[in-house]
There are 2 protein chains.
Amino acid sequence: MLKAPEHQVAGHEARHGKLGPLVDDSGRFYKPFQSNERGSAEVEFYTSLSSNTSIPDHIRGFFPAFYGTELVEASDGSGLQPHLVLQDLNVGRVHPSIMDIKIGTRTWYPQAPDRYFEKCLKKDRETSTLHLGFRLSGLKFYESEDSGYWKPDRKSVMKLSAEDVTSVLKKFVSTKTFDFNTVPDCSLASVVFGGSTGILSQLRELKAWFEDQTIFHFYSCSLLLMYDKEKTLNGNNPVAEVKMIDFAHVLQGRGVIDHNFLGGLCSLIKSIDDILKYS
Amino acid sequence: MLKAPEHQVAGHEARHGKLGPLVDDSGRFYKPFQSNERGSAEVEFYTSLSSNTSIPDHIRGFFPAFYGTELVEASDGSGLQPHLVLQDLNVGRVHPSIMDIKIGTRTWYPQAPDRYFEKCLKKDRETSTLHLGFRLSGLKFYESEDSGYWKPDRKSVMKLSAEDVTSVLKKFVSTKTFDFNTVPDCSLASVVFGGSTGILSQLRELKAWFEDQTIFHFYSCSLLLMYDKEKTLNGNNPVAEVKMIDFAHVLQGRGVIDHNFLGGLCSLIKSIDDILKYS
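Just so it is clear, the model here is predicted, and its values are computed rather than measured.

### Concerning the sheet that holds strand S10 (residues 241-245) of chain B
The strands that make up a sheet are held in pairs by hydrogen bonds between backbone atoms, and each pair lies either parallel or antiparallel. All names here are of chain B. The strand order S7-S6-S5-S9-S10 describes an open sheet built from five strands, whose pairing is antiparallel. Sheet topology places strand S7 (148-150) and S10 at the edges, where each strand pairs with a single neighbour. Neighbouring strand axes in the sheet, compared pairwise and without regard to direction, differ in orientation by 15° on average. For strand S5 (residues 96-103) and strand S9 (residues 222-228), the ladder comprises seven bridges, and the chain directions are antiparallel. Residue methionine 99 lies in a different strand from S9, and its bridge partner there is leucine 225. Against the sheet, helix H6 (residues 162-172) makes contact with S5, strand S6 (134-144), S7 and S9, and its axis sits at roughly 35° relative to S6, the strand it touches most.

Here is the structure:
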């Protein structure tokens, strides 16, 4: 039985007759092909990633496992439709906190068609992308059994200023995150961001690869940052993880590093490092 | 007595009645104020750089020394005009090779006026800026006493593809650089790019600062890469140097790193590192 995932933070959701991703009970995530050629482009990326032997295993771990494609009953009632079958990244997580962060100074690629280019450029200029080198695409933060989750709507997340985004990064590792105005306490920063298995350390591992890899250029790609909030509040291991998602616009690097992604990643690392140092 | 500098590689030259920079015999470089507010913006940057005590000395060395402003007779005969008085970066160099490399995935800054924004964006898309994260603005390579210098005109330098730019980087450290079609031998790569005082090592020092500094965002700023070609051919120290120049569009960082410059810088480092490794 396929159902809508419990912890989706960005993109269209498979509810109320809309098309969106589905999950099963065995840990698989079914992502419907995106329109135009984006669906097949994403399949092409995952296939090329799987077959590329030059990618080290510890880097491969940053990507969801890929199990091919499958025709499954789409969530919008349109019948059997092609889906990418991926690893469900939230299997086993109870009350996680999750951020979807779109990385890069620009989300459009060279040779993008005019309309797409203009749409992306406008969004980049209106969001924190231009100033920060990344923007929030969505978030869902667990608070407590009483209040449940904080999940602001897409529009209010998109229009956050650079300062607001930094504040949300702090709320991600705070015990109270009720709304945009709460003052974050950052009390979980050291266990979630810090340490040898924390998020900062994972981001730095990814950075080292991006300083060298010239295989892929990732446009409009996101980093998912997540951890088990309730476990962390109870003093257990946060199981903090960084994953890369959304590969409809991955281009060949042709011998050049992905300076656009790398710049944004360095900016995110600096923001998180500052939270660790000064909070 | 002021005269046109011998080794200018980019920008307007003070010859044939045109407005351009001048040098004197005491090692000073007189740069006429650029039009609009760019002249005063550049003064403001140098002043702020001089007074900022948080900039480490080894980083300060990447910038030309600044001696204030002065009204001097302009090279275009327009009488006394304001000039920035800077360090002449080529004092003492005999037969140098020099590249002017404009760094960044984009040369326009947030809040740039529409016309300037459109002009920059168009140029970024038409040059190697988009794919490489940097582009060549000018170059002048010494070859030999017989053939003198190779100094292609601005237009042919600007329209170089990413592959062509990589090839020019190789020619910079080759003994023969006569034209765009010469196959570079890269025989000087290890002494010019490599080693503890070579260009790569200097670029990495600069990179470490850019990973942390949130004071300035540098748009449309260049790196000058230069060394004494003749000395190097004779087996002497190349006196390789990296300098940052052109600060008419420097913005405040407001707590965020300059991910646009850093991305381009990392891409240049990777290109040079590859030349060292594989040639």
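Don't stop here, the text continues.
### Some points on the domain arrangement of chain A
Residue and element names in this part refer to chain A. When its domains are assigned, chain A resolves into domain 1 (22-87) and domain 2 (96-278). A separation of 21 Å is found between the C-alpha centroids of domain 1 and domain 2. With 20 residues of domain 1 at the interface, the matching set in domain 2 holds 16 residues. Of all residues in domain 1, the largest losses of buried area upon contact with domain 2 belong to Phe45, Phe62 and Phe63, amounting jointly to 41% of the total for that side. On the surface where domain 1 and domain 2 come into contact, there are one salt bridge. Linking aspartate 246 and lysine 31 is a salt bridge whose minimum nitrogen-to-oxygen distance equals 3.0 Å. On the surface where domain 1 and domain 2 come into contact, there are four residue pairs in polar contact (both at pLDDT 80 or more). Of the residues forming the side of domain 1 that touches domain 2, the biggest block, seven residues, is contributed by helix H1 (residues 38-51).

### Digging into helix H3 (residues 114-126) of chain B
Taking 1.5 Å per residue, 13 residues should reach 18 Å; H3(B) reaches 18 Å between its end C-alpha atoms and fits that length. Residues of H3(B) that are buried sit in contact with helix H3 (114-126) of chain A together with helix H4 (129-132) and S6 of chain B.

### Considerations on empty space enclosed by the protein
Summed over all chains, the structure comprises one cavity of 30 Å³ or more. If you add up the space inside the largest cavity, you get close to 60 Å³. Forming the walls of the largest cavity are Thr105(A), Arg106(A), Trp108(A), Leu121(A), Asp124(A), Leu130(A), Thr105(B), Arg106(B), Trp108(B), Leu121(B), Asp124(B) and Leu130(B). Looking at side-chain class alone, the lining of the largest cavity contains six nonpolar, two polar and four charged residues.

### As for the sheet that holds strand S4 (residues 80-87) of chain A
Strand order across the open sheet formed by four strands is S1-S2-S4-S3 (chain A), with antiparallel pairing between neighbours. Bordering the open sheet on either side are strand S1 (22-23) and strand S3 (66-73) of chain A, each of which pairs with just one other strand.

### Section: the side chain of Arg106(A)
Of note, Arg106(A) is situated in the loop between strand S5 (96-103) and H3. One buried charged residue, Arg106(A), remains without a salt bridge, the closest side chain of opposite sign being Asp258(A) at 7.1 Å. Reaching out from Arg106(A), the side chain makes a polar contact with the side chain of Tyr219(A) at a distance of 3.4 Å. Polar contacts involving the side chain of Arg106(A) include one to the main-chain carbonyl oxygen of Leu130(B), which spans 2.8 Å. For Arg106(A), the residues in contact, after removing those within four places along its chain, are Asp124(A), Thr129(A), Tyr219(A), His259(A), Asn260(A), Thr105(B) and Leu130(B).

### Focus on the pairing of strand S10 (residues 241-245) of chain A
Residues and elements named next belong to chain A. Counting buried residues in S10 gives four out of five residues, a clear majority hidden from the surface. Here strand S9 (residues 222-228) pairs with S10 via five bridges, running antiparallel. When the sheet's bridge partners are listed, leucine 225 is paired in S10 with valine 242.

### Quick notes on the relation of the copies chain B and chain A
Overlaying chain B on chain A yields an RMSD of 0.0 Å, the required transformation being a rotation through 180° with an accompanying axial translation of 0.0 Å. Here the two chains are linked by the operation of a two-fold rotation axis. Residues of chain B ranked by C-alpha distance from the rotation axis are headed by Gly263(B), positioned 2.2 Å from it. When the interface residues of chain B are mapped onto chain A, 100% of them are again interface residues, pointing to one common binding face.

### Digging into the pattern of salt bridges
A side chain with one charge can pair with a side chain of the opposite charge if their charged atoms come near. Residue and element names in this part refer to chain B. Following the criterion strictly, the structure yields 36 salt bridges over all chains and no others. The closest approach of N and O atoms between aspartate 228 and arginine 93, which form a salt bridge, is 3.0 Å. With a gap of 135 residues between them, aspartate 228 in strand S9 and arginine 93 in the loop between strand S4 (80-87) and S5 connect regions that are remote in the sequence. Exposure remark for arginine 93: the relative accessible area of 9% places this residue in the buried category. Across the salt bridge formed by lysine 231 and aspartate 228, the nearest N and O atoms sit 3.3 Å from each other.

### Let's talk about the nonpolar core
In terms of nonpolar packing, the biggest core is built from 120 residues, with Phe218(A), Leu223(A), Phe218(B) and Leu223(B) touching the most fellow members. Setting aside chain neighbours within four positions, we find Leu223(A) in contact with Met99(A), Asp100(A), Ile101(A), Ile103(A), Leu203(A), Leu206(A), Val242(A), Lys243(A), Met244(A), Phe261(A), Leu265(A) and Leu268(A). In terms of nonpolar packing, the next biggest core, distinct from the first, is built from 18 residues, Trp108(B), Tyr109(B), Ala112(B) and Leu121(B) among them.

### Description of the pairing of strand S6 (residues 134-144) of chain A
Residue and element names in this part refer to chain A. The element S6 is largely enclosed, with a buried count of 10 among its 11 residues. Where S5 lies against S6, six bridges are found, and the strand directions are antiparallel. Across the sheet, lysine 102 pairs through a bridge with arginine 135, a residue of S6. In sequence, S6 turns back onto strand S7 (residues 148-150) through a hairpin of three residues.

Cut-off values and rules
- Just so you know, the residues in each chain are numbered from 1, in the order the chain's sequence is written.
- Each chain takes a letter, starting from A, and each ligand takes a number, starting from 1, following the order in which they are written.
- Totals for whole chains, interfaces and linings use every residue, but because this is a predicted model, local features are given only for residues with pLDDT of at least 70 and side-chain atom pairs only at 80 or more, for both listing and counting.
- Water and hydrogen atoms were dropped before computing side-chain values, which therefore reflect all heavy atoms in the structure.
- In this description, strands pair whenever DSSP reports at least two bridges between them.
- Only runs of H or I of at least four residues qualify as helices and only runs of E of at least two qualify as strands under DSSP, and these elements are numbered from the N terminus.
- Interaxial angle, 0 to 180 degrees, is taken between N-to-C directions of lines fitted to C-alpha atoms, where a helix line uses only the stretch in contact.
- Here, residues are in contact when the closest pair of their heavy atoms is within 4.5 Å.
- Domain start and end points were adopted from an automatic or database domain assignment.
- By buried area we mean how much accessible surface two parts lose on assembly, using a 1.4 Å probe and totalling the loss over both.
- Here, a salt bridge means any Lys or Arg side-chain nitrogen found within 4 Å of an Asp or Glu carboxyl oxygen.
- Pairs of N or O atoms within 3.5 Å make up the polar contacts considered here, provided that, within protein, one atom can donate a hydrogen while the other can accept it, and that residues adjacent in sequence are counted only when both atoms are side-chain atoms.
- By this rule the span expected of a helix is its residue count minus one, scaled by 1.5 Å.
- In this analysis, the protein atoms alone were mapped onto a 1 Å grid. Cavities are point sets where a 1.4 Å probe fits without being able to get out; pockets are open sets with protein on both sides within 12 Å along at least five of seven lines; lining residues have an atom within 4 Å of a point.
- Grid points are joined across faces, edges and corners, and a volume is the space filled by probe spheres set on the points.
- Note on residue categories: nonpolar means Ala, Val, Leu, Ile, Met, Phe, Trp, Tyr, Cys or Pro, charged means Asp, Glu, Lys or Arg, and polar means any other residue, Gly included.
- Buried residues are those whose accessible area, probed at 1.4 Å on protein chains only, stays under 20% of the maximum for their type, while exposed residues exceed 50% and partly exposed ones sit between those limits.
- Charged residues are defined here as Lys and Arg on the positive side and Asp and Glu on the negative side; His and the ends of the chain fall outside this count.
- Overlaid copies result from least-squares superposition on C-alpha atoms, with residues included only where pLDDT is at least 70 in both.
- By nonpolar core we mean a set of buried residues, namely Ala, Val, Leu, Ile, Met, Phe, Trp, Tyr and Cys, connected to one another through side-chain atoms within 4.5 Å.

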